[in-house]
Amino acid sequence: MKVYVLTADTYCGGYGSSIELFGVFSTEEKAIEQASCLKLEWYDVSCVNIDDPEEHCFLGGYIE
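What this report covers is the structure whose coordinates are included nearby. Nothing here was measured: the structure is a model prediction, and the numbers come from that model.

What counts and what doesn't
- Residues numbered from 1 in each chain as written.
- Predicted model: local features only at pLDDT ≥ 70, side-chain atom pairs only at ≥ 80, totals over all residues.
- Heavy atoms only, no water.
- Helix = DSSP H or I, 4+ residues; strand = E, 2+ residues; numbered from the N terminus.
- Buried < 20%, exposed > 50% of the residue type's maximum accessible area, 1.4 Å probe, protein only.
- Contact = heavy atoms within 4.5 Å.
- Areas by Shrake-Rupley, 256 points an atom, 1.4 Å probe, with all protein chains shown as cover.
- Disulfide = S-S within 2.5 Å.
- Core = buried A, V, L, I, M, F, W, Y, C linked by side-chain atoms within 4.5 Å.

The next thing to look at is the overall build of the protein. Counting secondary structure elements, the protein contains 1 helix and 3 strands. Ordered by position from the N terminus, the helices and strands of the protein form the series β-β-α-β. Across its three principal axes, the protein shows a C-alpha extent of roughly 40 × 30 × 10 Å. For the protein, the residues scored as buried account for 22% of the 64 residues in total. Of the contacts made within the protein by residues no fewer than 6 positions apart, 48% connect residues no fewer than 24 positions apart. Only carbon and sulfur atoms are counted for the fraction: they give 53% of the accessible area of the protein, which is about 5,000 Å².

This part takes up the state of the cysteines. In this structure the tally under the stated criterion is 0 disulfides. With no disulfide of its own, Cys 37 lies 19 Å from the sulfur of Cys 12, the closest cysteine sulfur.

Further remarks concern the environment of Asp 52. Mapped onto the elements, Asp 52 comes out in the segment after strand S3 (43-49). For Asp 52, a relative accessible area of 30% gives the class partly exposed. With 51 residues separating them in the primary sequence, Asp 52 and Met 1 have C-alpha atoms 9.3 Å apart.

What follows deals with the nonpolar core. Of all hydrophobic cores here, the largest spans 8 residues; its members are Tyr 4, Leu 6, Ala 8, Phe 25, Ala 31, Ala 35, Leu 40 and Val 45. Elements that contribute at least two residues to this core include exactly strand S1 (2-9) and helix H1 (28-37). The element best represented in this core is S1, accounting for 3 residues. Discounting chain neighbours no more than four positions away, the residues touching Phe 25 are Val 3, Tyr 4, Leu 6, Lys 30, Ala 31 and Gln 34.

None of this, on its own, says anything about what the molecule does.
Structural data, given as structure tokens:
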């Protein structure tokens, strides 16, 4: 089963990143609708499989 994970970088400072999880949805459309409702500017919707140990999804971040 596929789910859609909504994440966004909410850091508003200079250098850095703060990735937050905003929800897990059954369709990509629902995830995008939620991002729109929250007025997220820099968001990402990732599709992942439930119970798949091989699944790897980079959520984001910043390394200097």
